[in-house]
Amino acid sequence: MGDTLEFNDIYQEFKGSWNDGRLRFGKQNVVYKSSKTGKVDSIPAGELNLAQWRRVCLGHGIKLATNSGHVHKYDGFRDTDFEKISEFFKANYKVELTEKDMCVKGWNWGTAKFSGPLLSFEVNDSTAFEVPLSNVSQCATGKNEVTLEFHQNDDTDVSLMEVRFYVPPAQADERQDPVEAFADNVLSKADVIQATGDAVCIFKELQCLTPRGRYDIRIYPTFLHLHGKTFDYKIPYTTVLRLFLLPHKDQRQMFFVISLDPPIKQGQTRYHFLILLFSKEEDLSLTLNMSEEDVERRFEGKLSKNMSGSLYEMVSRVMKALVNRKITVPGNFQGHSGVQCITCSYKASSGLLYPLERGFIYVHKPPVHLRFEEISSVNFARGTTTTRSFDFEIETKQGNQFTFSSIEREEYGKLFDFVNAKKLNIKNRGFKEKKGMKGKIDEYSDSDEDQHDAYLERMKAEGKIREEGNESEESDGESDESFNPGEEDDDIAEEYDSNASASDSSEDGDDSDNDGSKKKVKKPKVVKEKKERKPRKEKKPREGPKRPMSAYMLWLNASRERIKSENPGISITEISKKAGEMWRQLGKDDKEEWDTKAAEAKRQYDKAKKEYKDSVASGVGGASSGGGGATSSSKKESKKSGGKKDEKKRKSAGGDKEKERGGGNDSFKSREFIETSEDSSSDTDRKSKSKKKKKKKESDEEKEEAVSTPASSEADSD
């Protein structure tokens with residue numbers, strides 16, 4: 001057996017909700033790490049005095065009790081885990097793992113027993129249910145009743161509000177009322193905060209951002225008391241999850257952030273973070289309301305009775321000693337301006353994003369803390385309103401997405417290097433690796449014109465002009481020449497001084513004139529790669545039945561909507577990739593259904609195709625009888641001659657338009673390629689030669705028609 005036993009997907013009950021995590025049994029301690037909060041609970045092996053194996057709601061569970069009276073319960077084990085866990089406990093903890101049966105009779109009459117922090121309700125010496133007294137927020141008594149009210153958990157859909165116990169009246173020989181005795185036992189372990197005794201220290205009129213206002217903070221040994229003009233909050237130190245000390249961007253203020261779980265409440269509002277704002281110039285001399293011996297014994301040198309320094313240092317130092325948590329500060333990240341944060345916007349408010357060593361935190365409205373281990377991927381996206389900024393998107397493993405927008409483009413390089421160093425999954429990493437850092441920054445260039453969109457507009461304009469040229473009825477024997485890649489840059493750049501598309505506005509034209517010097521260097525490369533385009537051919541109408549789909553395409557059509565619903569916002573290309581992965585993972589039994597459907601579709605297609613061929617053959621046979629061969633040949637010749645005449649009409653009608661574009665119909669040249677005066681003279685010579693060639697070709701075709709006509713007439717006479 002190894003030194004440790006590890007189990008995934010183990011659940012820990014917390015105020016009515018099951019939080020999943022990982023549990024590890026080691027030789028020295030038992031460690032549980034929550035997947036939701038990242039909080040780590042450690043139980044020293046020497047503290048364990050009880051271990052029970054029980055059948056509970058999610059499977060099998062373990063109940064561990066310590067010498068200090070704390071009880072820890074974990075659920076989600078399998079029946080086969082009992083033997084190896086029992087052997088491990090005997091070998092390393094010297095504790096026997098005993099099996100304990102729970103009462104499932106459903107009776108509501110039994111015995112209430114108080115054992116440490118648990119209230120156990122037993123029926124016939126078997127436990128029916130247990131109530132952790134730390135979850136009790138209030139205890140009220142009646143004549144023969146005791147009512148327990150519980151702390152609420154916002155993560156649960158349904159919460160237990162209260163439980164009432166009926167306590168039988170006292171016998172004559174009993175000195176104490178059983179109702180009061182029951183309530184005293186509950187209150188001795190319940191989490192009912194009562195401000196008894198003097199505060200260790202008091203901080204007056206501290207500025208608080210969430211909840212907003214100025215509060216007096218009274219530091220008690222077990223809880224924190226916020227006293228304001230309108231509201232009061234009592235925060236037990238056990239609910240403090242993390243502490244952060246963050247410098248403001250102006251370098252004159254400091255944020256002190258306290259992460260809370262569960263949060264403090266005010267009506268329907270929940271405050272998961274307590275954010276205090278301090279000025280670096282504000283100093284304080286602090287005297288603790290304790291003797292020097294008590295301070296030394298309790299805080300072990302972390303605090304002294306008399307302290308002085310900056311106000312934020314005093315508050316953070318006291319909180320660290322009382323809460324016994326480390327204070328998280330920004331790491332070695334530095335932005336473009338040398339500060340350790342990035343100015344951005346989240347939802348409707350502007351704030352600061354701090355890249356930490358193990359996560360990100362955003363302050364302040366609303367505060368957000370994201371740990372690296374709960375992040376699925378990050379994405380760098382173009383800003384929605386301007387190209388001067390970009391958006392930083394974070395997607396968690398739970399499917400939540402956080403978008404921090406309006407980040408200055410100068411921050412991109414630093415942020416990308418930080419994310420890359422932390423080995424986070426970057427969605428658009430391929431784009432950056434292909435074009436390099438400079439290419440990515442150029443994408444957010446200081447220009448109002450989108451290069452990609454302008455190219456798309458030009459392509460649309462070319463298609464529109466090409467369709468007009470094909471539909472025109474003018475004729476001209478001129479032929480376009482291929483674009484000469486050796487032209488000077490000045491000639492090519494004229495494209496960007498003119499209107500590249502019909503949809504370009506005058507403002508876009510002005511911008512292109514102002515930025516012409518930059519574009520003369522960049523865009524000729526795109527133009528030179530363009531190849532000579534031929535006129536589009538009209539598509540022939542489909543003849544015969546449509547070919548059947550494969551098994552994969554049938555499955556994809558049936559599964560497309562399901563893939564979209566499971567992955568909201570997924571693109572078309574991502575759907576294809578996802579579908580390919582899912583299809584490869586399907587077993588033979590699942591694919592057999594779609595193979596059968598594909599085979600059936602293939603049979604239907606073969607049948608329809610055979611019927612279509614038979615119908616076509618019968619129609620052709622009827623037409624060919626009675627000298628059909630000669631008729632078909634004459635039709636071909638007439639169609640050919642008619643096509644030539646139509647082509648002549650189109651050429652004559654489109655002459656002016658082709659001259660304006662600088663070419664004919666053989667190869668289309670768009671309006672962007674403007675010829676110079678030197679090229680126009682050479683074009684005239686080439687065009688005259690092409691005219692002569694075409695006339696000669698047409699005369700040869702007329703001779704062929706003349707030769708073929710008598711042959712067809714003779715066939716008709718025969």
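Up top is the structure.
We now turn to the structure provided with this report. Note that the structure is predicted; figures quoted are calculated from it, not measured.

### Looking at a negative patch on the surface
- Together, D79, E83, E87, E99 and D101 make up a negatively charged patch on the protein surface.
- Counting through the fold element by element, E87 comes out in helix α1 (residues 81-93).
- For E87, a relative accessible area of 49% corresponds to the partly exposed category.

### Regarding helix α2 (residues 178-189)
- Helix length check: α2, at 12 residues, gives a terminal C-alpha distance of 18 Å against a target of 16 Å (1.5 Å per residue), a fit within 8%.
- Where α2 is concerned, the buried positions are P178, V179, F182, A183 and V186. Viewed along the axis of α2, the buried residues span an arc of 135°, placing them on a single side of the element.
- Where α2 is buried, its residues meet β9 (111-115), β10 (118-123), β12 (136-141), β13 (145-150) and β14 (162-166).

### So, the environment of L284
- Structurally, L284 is set in strand β22 (residues 283-287).
- You can call L284 partly exposed: its relative accessible area is 27%.
- With 23 residues separating them in the primary sequence, L284 and M307 have C-alpha atoms 8.4 Å apart.
- Other than its neighbours up to four places away in sequence, L284 contacts F203, M307, S308, G309, L311 and M314.

### With respect to unusual backbone geometry
- Residue P211 is reached from T210 by a cis peptide bond, and omega for that bond is -5°.
- By the element assignment, P211 lies in the loop between β15 (201-210) and β16 (213-219).
- Cis geometry is found at the peptide bond from D261 to P262, where omega equals 5°.
- Mapped onto the fold, P262 is located in strand β20 (residues 253-266).
- Of note, Q251 is a non-glycine position whose phi angle comes to about 65°, a positive value.
- As for its position among the elements, Q251 is in the loop between β19 (240-247) and β20.
- Positive phi outside glycine occurs at N324, with the angle close to 60°.
- Tracing the sequence through the fold places N324 in the loop between α4 (311-323) and β24 (327-328).

### As for the nonpolar core
- Among the nonpolar cores identified, the biggest contains 40 residues, and F203, I219 and L224 are the most heavily contacted of them.
- Setting aside chain neighbours within four positions, we find F203 in contact with Y215, D216, I217, I219, L284, L286, L311, M314, V315 and V318.
- F333, Y346, Y412 and F416 belong to the second-largest nonpolar core, a separate cluster that totals 26 residues.

Reading the values: rules and limits
- Residues numbered from 1 in each chain as written.
- Predicted model: local features only at pLDDT ≥ 70, side-chain atom pairs only at ≥ 80, totals over all residues.
- Heavy atoms only, no water.
- Patch = residues over 30% accessible without salt bridge, like charges linked within 9 Å, V, L, I, M, F, W, Y side chains within 5 Å.
- Areas by Shrake-Rupley, 256 points an atom, 1.4 Å probe, with all protein chains shown as cover.
- Salt bridge = Lys/Arg side-chain N within 4 Å of Asp/Glu carboxyl O.
- Lys, Arg positive; Asp, Glu negative; His and termini not counted.
- Charge placed at Lys NZ, Arg CZ, Asp CG, Glu CD.
- Helix = DSSP H or I, 4+ residues; strand = E, 2+ residues; numbered from the N terminus.
- Buried < 20%, exposed > 50% of the residue type's maximum accessible area, 1.4 Å probe, protein only.
- Expected span 1.5 Å × (residues − 1).
- Arc of directions from axis to C-beta.
- Contact = heavy atoms within 4.5 Å.
- Core = buried A, V, L, I, M, F, W, Y, C linked by side-chain atoms within 4.5 Å.

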